[in-house]
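Below, each chain spelled out in residue letters.
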Amino acid sequence: MRNECGRNWPKLHPTPNGRAVDEISRRGFLKAASVVGSGLVLGFFVPGGSKMAQAADKEKKITPNAFLRIAPDDTITVVVNRLEFGQGVATSLPMLIAEELGADWAQMRAELAPGGAIFNDPAFGIQITGASATMKNSYTQYREIGAAARAMLIACAARSWQVPESDCHTEHGRVIGPSGLSASFGSLADAAMRLPAPDSVVLKNPAHFTLIGQPTPRMDSRAKSNGTQSFGIDFKLPNTKVALVSRAPVFGATVASFDATRALAIPGVLAVFKVATDRGGSGVAVVAEGFWPAKQARDALDVKWNTGNVDKVDSGRQLIDYKALAKAPGMVAKDADVSALAEAAKKITAEYEFPYLAHAPMEPLNCVVELTDTSVNVWAGTQLQTFDRPAIAEASGLKPEQISLNTMFAGGSFGRRAAPTAYSSDREHCFHTMVNSGLVWAAGH
Amino acid sequence: MITLNINGLEKHLDIDASTPILWALRDSLNMNGTKFGCGAALCGACTVHLDGRPIRSCVTSIASAVGKQITTIEAIALDKVGKAVQDAWVKHDVPQCGYCQSGQVMSATALLKSNDKPTDAEIDTAMSGNICRCGTYQRIRAAIKEASANIN
């Protein structure tokens, strides 16, 4: 499995025969992925919570209702169990359901699923967007959801028409029966979706696909071309405050001292305090009425950093270490037949070097937090809801079941949003101060 | 109190005169179409028009916009060229994550309003301040050419 998810990606746990799970054959992987809601866990090592991923898997079987809403006005909303951050899942997953339902593409809508075990990746057993796994692992899952809903709509129509279900089919958003009978999905939906989900479903024959495999424009193109697409950073509650964190110039450095006098004198600045950050570091948080006073205040903090005990990372040294490591025995990523190389008339040797790249999405990391004594609501563009929840629980002192996590469209990620540090920097003081506060990390810091 | 003309409407704001236009739009006026990327005029996500010219609203104070016309992504479709650009963006399926695209559309519109038949080189020059981390540059260029054809 390729790791596109950055440094806090869960470590792969070696299986008893010594092979790591990323060596599972593609065929075996697809087979595993096709068992919807089967509770398969691919041996993820979850720091401090490996039982959680397994427990999450004991969920009841996936029902169309959680993933699909057909409204009386004939709009069909697909709940997308992934983060949309440019890769197109808010178009591709609805395509799967539209295909199986027999819906018109124009009636399809998409929304991102909140945090919840029912939205786990069916193969990984956790709620995650990564490893290029959406289509690989949810292809059959979403088709089955669409096929189940199709069966329920047909059952409902056939019952009211008193005709055999086998005489009915769907197309263009309608159930079509014998003798010119026809009803729109919207007119049937309320009754149909109350029926029990079928135990097994019949998937469409791929030879009859009309949508899957066809170039299909993104559903969000218009909204993303006219400024109306809402991203996490655009979400506000009434009276939302903005918090920015002055972060250390190097990972793990701590605050030696800071002077908040000038910062607190800026109109609109409400509070300044030290916070813990990741890797044992610390920073200084500023809370203000809006971004601009918060930014001015942060720039006025005059923080002195303690970098004494921090690893000094050197790019040149790193490259030398990498080259040495590359010569050492390691895990084979892919077996290839290179026997012809010995006889080759011409051999080309090339070395490729890649610099250390920051996962710097264009939308700065951010979340909105609404805290009460008994609940935390968080709105964030996140790739890894299953791990965010315990991080938020730890930071807030509340229980995981008291936390609601709303997944927001994200302006890129490149794996960065798979690491819940946006929350962990809130640990200690922040959560108790920032009621209804948004946390924005300004870029470049 | 500072008075700004935004999309043809007078807006009265009781905020610090040094506040960048970006934060007047987003925090004071709840106009979220203009995006915050870098805060340092390096990425172009915050591009708006000031008297028709593309500027980076994250580093342009509201004080400097007094008496001038600010146009944002929310109103650019009212302009014939802006509408052609947005339609071409949709036709070419330009956006991926989409976060930079408000700025891209504003820069492209400003380009076509001053030069309605830009060459590839002119497009690249005019758009060079707008970064797209998804890498949609080829489609941006194709969409600009499409919009150019449609307004001529």
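Residues numbered from 1 in each chain as written. Chains lettered and ligands numbered in written order. Predicted model: local features only at pLDDT ≥ 70, side-chain atom pairs only at ≥ 80, totals over all residues. Heavy atoms only, no water.

1. Considerations on the overall build of chain A
- Each helix and strand in chain A was counted, giving 13 helices and 17 strands.
- With 445 residues in all, chain A has 50% of them scored as buried.
- The long-range share in chain A, meaning contacts at least 24 apart out of those at least 6 apart in sequence, stands at 72%.
- Looking at chain A as shown, the accessible area adds up to about 21900 Å², and 55% of this sits on carbon and sulfur atoms. (Helix = DSSP H or I, 4+ residues; strand = E, 2+ residues; numbered from the N terminus. Buried < 20%, exposed > 50% of the residue type's maximum accessible area, 1.4 Å probe, protein only. Contact = heavy atoms within 4.5 Å. Areas by Shrake-Rupley, 256 points an atom, 1.4 Å probe, with all protein chains shown as cover.)

2. Things to note about the confidence of the model for chain B
- Looking at chain B as a whole, the pLDDT averages 97, with 100% of positions reaching at least 70.
- Interface confidence in the predicted complex, given as ipTM, is 0.98; pTM for the same model is 0.85. (pLDDT = per-residue confidence, 0-100.)

3. Regarding helix α4 (residues 89-101) of chain A
All names here are of chain A.
- Across its 13 residues, α4 extends 18 Å between first and last C-alpha, which sits within 8% of the 18 Å expected from 1.5 Å per residue.
- Counting buried residues in α4 gives twelve out of 13 residues, a clear majority hidden from the surface.
- Turning to α4, its buried residues are Val89, Ala90, Thr91, Leu93, Pro94, Met95, Leu96, Ile97, Ala98, Glu99, Glu100 and Leu101.
- Buried-residue contacts for α4 involve β3 (68-70), β4 (76-80), β5 (108-112), α5 (134-161), β6 (169-171) and α6 (185-192).
- Looking one or two places after α4, you find Gly102, whose phi comes out positive at around 85°. (Expected span 1.5 Å × (residues − 1).)

4. Some words on the domain arrangement of chain A
All names here are of chain A.
- Annotation of chain A at the domain level lists domain 1 (2-226) and domain 2 (232-309 + 359-444).
- The interface is formed by 24 residues belonging to domain 1 together with 27 residues belonging to domain 2.
- Our count for the contact surface shared by domain 1 and domain 2 stands at zero salt bridges.
- Applying the counting criterion to the domain 1 and domain 2 interface returns seven residue pairs in polar contact (both at pLDDT 80 or more).
- Classifying every residue of the side of domain 1 that touches domain 2 by side-chain character gives twelve nonpolar, seven polar and five charged. (Domains from an automatic or database assignment. Salt bridge = Lys/Arg side-chain N within 4 Å of Asp/Glu carboxyl O. Polar contact = N/O pair within 3.5 Å; in protein donor to acceptor, adjacent residues only side chain to side chain. Nonpolar A, V, L, I, M, F, W, Y, C, P; charged D, E, K, R; others polar.)

5. A closer look at the interface of chain B and chain A
- The interface is formed by 33 residues belonging to chain B together with 34 residues belonging to chain A.
- Counting each side, the surface lost to burial between chain B and chain A is near 2700 Å², with a carbon and sulfur contribution of 56%.
- Looking only at chain B, the three residues that lose the most surface to chain A are Cys97, Tyr99 and Arg133 of chain B, adding up to 24% of its buried area.
- Linking chain B to chain A there are four salt bridges.
- Measuring nitrogen to oxygen at the nearest pair gives 2.5 Å for the salt bridge that ties Asp234 of chain A to Lys35 of chain B. (Buried area = accessible area lost by both parts, 1.4 Å probe.)

6. Describing the packing of aromatic side chains
All names here are of chain A.
- One pass over the full model with this rule turns up seven aromatic pairs over all chains.
- Ring centres of Phe67 and Tyr142 lie 5.5 Å apart, and the angle between their planes is 90°; this geometry places the pair in the edge-to-face category. Here Tyr142 lies in helix α5 and Phe67 lies in helix α3 (residues 64-67), a separation of 75 residues in the sequence.
- The interplanar angle of 25° and the centroid separation of 4.6 Å between the aromatic rings of Phe235 and Trp379 together place this pair among those described as stacked. (Phe/Tyr/Trp six-rings, centres within 6.5 Å; stacked < 30°, edge-to-face > 60°.)

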